[in-house]
Amino acid sequence: MIRLENIEKYYPQGLQKYYVLRRVSIEIKEGEFVSIMGPSGAGKSTLLHIIGMHDAGWDGEYYFGDVAIHKMKPKDRAEIRNRNIGFVFQSYHLLDHLTVYENLEIPLSYRDVKKSEREAIVGDVLDKFNIVGKKDLYPNQLSGGQQQLVGVARAVIANPKIILADEPTGNLHSSQGKEIMELFKRLNDEGTTIVQVTHSDVNAAYGNRIINLADGWLKD
Amino acid sequence: METLLQDLRFAFRRLIKSPGFAVVAILSLALGIGANTAIFSLVNMILFRPLPVPEAERLVAINASGKDGEMSAHSYLNYVDFRDRNEVMSGILAYRFSTMSLSGFSNSSGSSSSSGGNSEKVWGYQVSGNYFDVIGMKPAVGRTFSPEEDKTRLTHPVAVISYSLWQKRFGGNPGIVNNDILINGKKFKVIGVTPAGFKGTEVIYAPDVYVPFAMQRWIEPEFDWMDERGNQNLFIVGRMKPGVSSAQAEASLNLVAAQLAGEFPNENEGLKIALTPPGFVLPQIRNGMLGVSAALMGLVALVLLIACTNLANLLLARATERSKEIAIRLSIGASRMRIVRQLLTESVLLAVVGGLAGILLAGWIIDLLIGLKPPADIPITLELHVDWRVLVFSMIVSIITGVLFGLVPAMQATKPDLVSALKDVVSQSGVRRSWLRSSLVVAQIAVSLLLLVAAGLTMRALQQLKTMNPGFNPENSLTMSFDLSLQGYQTEPGNQLRRQMLDRIHALPGVQAASLTDFMPLSMNYNGTSIYIEGQPTERGVNAPNAMTAGVGLKYFESIGTPILAGRELTQLDQDGKTRSVVVNETFAKKFFPGANPNENALGKRFRTQPEGRPWEIAGVAKDGKYWSIGEDQRAFAWFPLGSQLAFNSLIVRTTVKPETVMSSIVSEIHNLEPNLPVTGVKTMSEHMNLSLFPARAVASLLAAFGLLALALAAIGIYGVMSYSVAQRTREVGIRMALGAQRSDVLRMVLRQGMKLAAIGMATGLAAAFVLTRLLANLLYGVSATDAVAFVGVSLLLGLVVIVACLIPASRAAKVDPMIALRYE
């Protein structure tokens, strides 16, 4: 599903280059649940954002299915991203001034889904995630776990093929974290590919493969 | 549409959640758009709003012009010829401004009505009999003139009165129609009342009484101009036939003008016709007002620019605050255009709300503008209001403002470094925005300085004008006006009454000299005549050279305080018509008798005012002065004997005491002799000077208001940027203080940052002002466009305001607790 070949990312430092990723080549198959692990500064989040096509400044080759992402313009990459990828962030990143309902609705609105369809889809997701009672609340009226639940619901609402999660339980209590991980597991079982960045072995254990990074290099 | 509504909903919600931001942005825009709306209402009145009459687009002012292109009025005989010989107009009307003495009305049986009262001076028109028909006005009550009523002289004393006079003077009594009123002591039958708000053919003049030309000798008993083709004192307006263009009409009327020039070369040689929109007497008045309005429009556009800079700055600051939100939106699928649209919706919403508030504010500014009336007794009415054109203008300005000044912040905001924004890390785009914000403040200060310099210069010009020599001595003198001809006085009784008046006034303690004239200098009044110097070749008709004129009585020059430089004043023999002597001014002498000593050369020379008229001999040369406006270039002027002219008399009294102390005694003496004589315009000559200072004072007041507005907006702008910068630098300030910086160090650091921006802005503004203030040269009356006092004074003022605006955020920064600041995110 995703194939990266010799991905390199660096920041210029005077005349020199500071590398955050070096010759990273990986392949992620459809239906996998992959955990990217490594110490701080290893380049985990950078790799995730490259996969998520947020980061455009890198060298190497990136294939999403048969599509050569590295040859595409940013606008076309955004289209591929919107069609296929959902994001879950460590600090949830819900839009503070929108209600739960509106937070879920807005990705559909950005994809020009008709209002009646949006209502049906958001209704289904609220139901599926058991948050119907929270739909009119604002994010600051929710607990961290509930916010992340909405974050995951938002990530799946446009029916992506893959979910990228950057330390999704990093800001949560362990019980809340467990709940979120079980949700990911369920989604993965239903066929969604999941790639997460995590420091936690426990969380990594929910997945079926671990990619280790250190100082930007892939470790065996 | 649906997403637009969603954007609007979100935009509303965001504004409500950030009331501080919304209030500052809306207030800034309201001030800018309000000022623009108010000034545009003036432009609208002059340029766009047609006269409120049916099919106004077919009405044109028909102006006479000579080879110098200056437009002028027509004689009655020329008017009649244009009216009867043309083939392009369905009708041509003529009118003449007139003052009249009005006293109460009596019913048809002749008994006096209680609604009447003492006589009062009113302003009106003498009009051609077809005046209302050509305009297409239907009266509120009664009827308008029939053709017969303007056919034969002095046979149909009829009048149409204005709605406001009907209400004011006659309590709206419907019985006014077919009853008599006394105009200049003569009975006129009121035949109709104009509808409310009707003002005839002028935009800013509101006449109260209309009488047909056929009654001219009852309105101006002393003047007989209707049969003199050289006496050009009527304004004419035509209604073009349907399908005739203005160019066709002008060409056709010029054929008539050419015929008239051939038939009557003395009066009409060189006569040309130019058609312009009606409403402002002559096109030069409209053009003058338009010039001032255009300059004001330019200035308020600068105020709006400053306000918009505030908006852009606020939006940029907000974009930085919202970079994370925007990154989230992009990451969950929003396209950049979609977010730009959302942000633009917010800025346009702000601008529209600001525009609506501005329209409300404009109503108040318009009231202030209307209050800026010249201190003259002529009924000038500035009908400024917010009509649909003004509303459309304001809304277009608002929307353009919202789009234009929201676009750059929106474009900036939607290209965040996604990864950094999602990780809450300050990225390079934040630095870029900060640079942009600083540039905007620099621009804002530069534009404010430009406006303030303009205001400073006009105020200096006003000061200069107050010290300018008008050619007479306004100290210890007073003036008042009356018109014995309007009271029905004939020549001899009138002369006798005036002699008695002057004797009694001379006898009053504190009076040094008193005299009469038919022309008060600096009254925005123009009397002129053609000059044909004996023995010199000259041109005829509208091409003949001319001079302004006045009729003056004995002791005029002593009373007004104008020195005679050569020769003598006018004597009793001149006044009695036994000798035909005049006094001219220095410019007259220089213009017509150039040489080493023009004043002496002029003495004894003779000239005529008509090619075949009787000559006048120059008996004296008086010092130059100002006659029409205080800022004018020197004009040729000739003072003729007032003789027995009873109309338009102004009394000028020179006193040895404060003029206010003898004012009431003089009025009492006049009323002792003639209790019913309306005495108007009683004022000291210094007060009279206010009229000539009015244009300069109005411009200085407006510019000062705009300058202060700009200053306030710029202060808000720099305060906003510095506050934001201080908030952004809280952590840095904490670190500095933890490392040992004192509060004074922090204060200096912030002040330095603000003053650096101010210095760049002020340097730019001064350079721009140095170049652009030259455009104001003709409003500055001799003050240099680069006057150092104005430039330095304004720079100091702006510098002071900038320091105060920076001091508040600076002191806030200096109070930062390092422990809190270091935990600050």
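As the structure is a prediction and not an experimental result, all values here were calculated from the model. (Residues numbered from 1 in each chain as written. Chains lettered and ligands numbered in written order. Predicted model: local features only at pLDDT ≥ 70, side-chain atom pairs only at ≥ 80, totals over all residues. Heavy atoms only, no water.)

(A) Region of interest: the overall build of chain A. Across its full length, chain A holds seven helices and ten strands. Here chain A has a C-alpha radius of gyration of 18 Å; the compact-globule value for 220 residues is 17 Å, and the two agree. Judged by the C-alpha coordinates and their principal axes, chain A covers about 55 × 35 × 35 Å. Carbon together with sulfur atoms contributes 45% to the accessible area of chain A, which is approximately 10300 Å² in total. Of the side chains in chain A, 27 bear a positive and 29 a negative charge, and the two mean positions are spaced by 3 Å. (Helix = DSSP H or I, 4+ residues; strand = E, 2+ residues; numbered from the N terminus. Rg over C-alpha atoms; globule rule 2.2 N^0.38 Å. Areas by Shrake-Rupley, 256 points an atom, 1.4 Å probe, with all protein chains shown as cover. Lys, Arg positive; Asp, Glu negative; His and termini not counted. Charge placed at Lys NZ, Arg CZ, Asp CG, Glu CD.)

(B) Just the packing of aromatic side chains, in detail. All names here are of chain B. Across all of its chains, the model carries 37 aromatic pairs over all chains by this definition. Considering the side-chain rings of Phe132 and Phe198, the 6.2 Å spacing of their centres and the 45° angle between planes classify their relative orientation as tilted. Of the two residues, Phe132 sits in helix α4 (residues 131–135) while Phe198 sits in the loop between β8 (186–193) and β9 (209–212), which places them 66 residues apart along the sequence. You'll find Phe132 and Phe198 in the same group, each marked buried. With a centroid separation of 5.2 Å and an interplanar angle of 85°, the aromatic rings of Tyr556 and Phe557 are classed as edge-to-face. One exposure class covers both Tyr556 and Phe557, and it is buried. The ring centre of Trp218 lies 5.2 Å from the NZ or CZ of Lys186, which sits over that ring. Over the ring of Phe264 we find Arg229; its NZ or CZ atom is 3.5 Å from the centre of that ring. (Phe/Tyr/Trp six-rings, centres within 6.5 Å; stacked < 30°, edge-to-face > 60°. Buried < 20%, exposed > 50% of the residue type's maximum accessible area, 1.4 Å probe, protein only. Lys NZ or Arg CZ within 6 Å of the ring centre and 35° of its normal.)

(C) Inspection of the nonpolar core at higher detail. Ranked by size, the top nonpolar core spans 146 residues in total, and within it Met45, Tyr131, Tyr210, Trp639 and Phe706 of chain B carry the most contacts. If one sorts the elements of this core by residue count, helix α21 (residues 685–728) of chain B sits on top with 17 residues. When residues no more than four places from it in sequence are discounted, the contact partners of Trp639 of chain B are Ala550, Val552, Tyr556, Phe557, Leu570, Val582, Val583, Val584, Asn585, Ala622, Lys623 and Tyr627 of chain B. Counting 52 residues, the second largest nonpolar core, distinct from the first, contains Leu48 of chain A together with Ala327, Leu344 and Ala413 of chain B. (Core = buried A, V, L, I, M, F, W, Y, C linked by side-chain atoms within 4.5 Å. Contact = heavy atoms within 4.5 Å.)

(D) Quick look at the confidence of the model for chain B. Residue and element names in this part refer to chain B. Residues with a pLDDT of 70 or more make up 95% of chain B, whose mean pLDDT is 86. Summarising per-element confidence for chain B, the mean pLDDT is lowest in helix α25 (residues 818–823) (62) and highest in strand β20 (residues 616–622) (97). The model gives residues 106–117 a pLDDT under 50, and that stretch makes 18 contacts with residues more than four places away or in other chains. Among the scores for the predicted complex, ipTM is 0.74 and pTM is 0.74. (pLDDT = per-residue confidence, 0-100.)

(E) Spotlight on a nonpolar patch on the surface. Residue and element names in this part refer to chain B. On the surface, a nonpolar cluster with roughly 520 Å² of combined accessible area is contributed by Trp388, Val392, Ile396, Ile400 and Leu404. Structurally, Ile400 is set in helix α12 (residues 388–413). On the basis of relative accessible area, Ile400 is assigned to the partly exposed category, the value being 47%. (Patch = residues over 30% accessible without salt bridge, like charges linked within 9 Å, V, L, I, M, F, W, Y side chains within 5 Å. Salt bridge = Lys/Arg side-chain N within 4 Å of Asp/Glu carboxyl O.)

(F) How the structure looks around the interface of chain B and chain A. Listed as interface residues are 22 residues of chain B and, on the opposing side, 27 residues of chain A. Across the contact surface, chain B and chain A share one salt bridge. Elements with a contribution of two residues or more to the side of chain B that touches chain A: α1 (2–17), α10 (323–331) and α13 (418–422) of chain B. Of all the elements, α1 of chain B adds the most residues to the side of chain B that touches chain A, at eight residues. Partitioning the side of chain B that touches chain A into residue classes produces eight nonpolar, four polar and ten charged. (Nonpolar A, V, L, I, M, F, W, Y, C, P; charged D, E, K, R; others polar.)

(G) Fine view of the sheet that holds strand β3 (residues 33–37) of chain A. Residue and element names in this part refer to chain A. The strand order β6-β7-β8-β3-β9-β10 describes an open sheet built from six strands, whose pairing is mixed. What marks the edges here is a single partner per strand, and that holds for β6 (85–88) and β10 (217–219). For this sheet, the mean inter-axis angle between neighbouring strands, taken without regard to orientation, is 25°. As defined by bridge partners, β6 adjoins strand β7 (residues 162–166) across four bridges and the pair is classed as parallel. By the bridge assignment for β7, Gly86 is matched with Ile163. Lying on the sheet, helix α5 (residues 144–156) is in contact with β6 and β7; it crosses β6 at an angle near 170°. (Pairing = 2+ DSSP bridges. Axes fitted to C-alpha atoms, helices over the stretch in contact; angles between N-to-C directions.)

(H) Quick look at unusual backbone geometry. Residues and elements named next belong to chain A. Look at His93: it is not a glycine, yet its phi comes out positive at around 55°. With respect to the helices and strands, the residue His93 is situated in the loop between β6 and α3 (100–110). For Glu167, which is not a glycine, the phi torsion comes out positive at approximately 45°. Examined against the element boundaries, Glu167 turns out to sit in the loop between β7 and α6 (174–189).

(I) Spatial organisation of the environment of Leu51 of chain B. Residue and element names in this part refer to chain B. Within the secondary structure layout, Leu51 lies in the loop between α2 (19–48) and β1 (59–65). For the pair Leu51 and Ile135, spaced 84 residues apart in sequence, the C-alpha separation works out to 9.5 Å. Contacts of Leu51, omitting those with residues within four sequence positions, involve Ala56, Leu59, Gly200, Thr201, Glu202, Val203, Pro278 and Gly279.

(J) Inspection of helix α4 (residues 115–128) of chain A at higher detail. Between its terminal C-alpha atoms α4 of chain A stretches 20 Å, which fits the 20 Å expected from 14 residues at 1.5 Å a residue. Along α4 of chain A, the residues classified as buried are Arg118, Val122, Val125 and Leu126 of chain A. The buried residues of α4 of chain A occupy an angular sector of 100° when projected down its axis, which confines them to one face. Opposite the buried face of α4 of chain A, by more than 90 degrees, sit the exposed residues Ser116, Asp124 and Asp127 of chain A. As for α4 of chain A, its buried residues are in contact with α3 and α5 of chain A together with α1 of chain B. Just downstream of α4 of chain A, Asn130 of chain A is the residue with a positive phi angle, here 60°. (Expected span 1.5 Å × (residues − 1). Arc of directions from axis to C-beta.)

(K) Region of the structure containing the sheet that holds strand β4 (residues 59–64) of chain A. All names here are of chain A. Taken in spatial order, the four strands make up an open sheet running β2-β1-β4-β5, and their pairing is antiparallel. Each of the sheet's edge strands pairs with one partner strand only, and the pair in question is β2 (16–28) and β5 (67–68). In this structure, strand β1 (residues 2–13) lies alongside β2, joined through nine bridges in antiparallel fashion. Within β2, the residue paired with Gln13 across the bridge is Gln16. The sheet strands contacting helix α1 (residues 44–51) are β1, β2 and β4, and the helix crosses β2 at an angle near 60°.

(L) View of the packing of helix α9 (residues 283–321) of chain B against α12 of chain B. Residue and element names in this part refer to chain B. At a minimum axis separation of 9 Å, α9 and α12 run at an interaxial angle of 35°. Considering the relative orientation of α9 and α12, their crossing is right-handed. Counted together, Met297, Leu304, Leu305, Cys308, Thr309, Leu311, Ala312, Leu315, Leu316 and Ala319 of α9 and Phe393, Val397, Thr401, Phe405, Gly406, Pro409, Gln412 and Ala413 of α12 form the full contact between these two elements. Its residues placed into classes, the contact of α9 with α12 shows 14 nonpolar, four polar and no charged. (Left-handed = near helix turned anticlockwise from the far one by under 90°.)

(M) Focus on the pattern of salt bridges. Residue and element names in this part refer to chain A. Throughout the structure, instances matching the rule amount to 41 salt bridges over all chains. The salt bridge partner of Asp55 is Lys9, with a shortest N-O separation of 3.1 Å. Separated by 46 residues along the polypeptide, Asp55 in the loop between α1 and β4 and Lys9 in strand β1 bring together distant segments of the chain. We classify Asp55 as buried; its relative accessible area is 10%.

(N) Region of the structure containing the confidence of the model for chain A. For chain A, the mean per-residue pLDDT works out to 91, and 100% of the residues sit at or above 70. Element-level mean pLDDT values for chain A span from 86 in helix α2 (residues 74–84) of chain A up to 96 in β3 of chain A.

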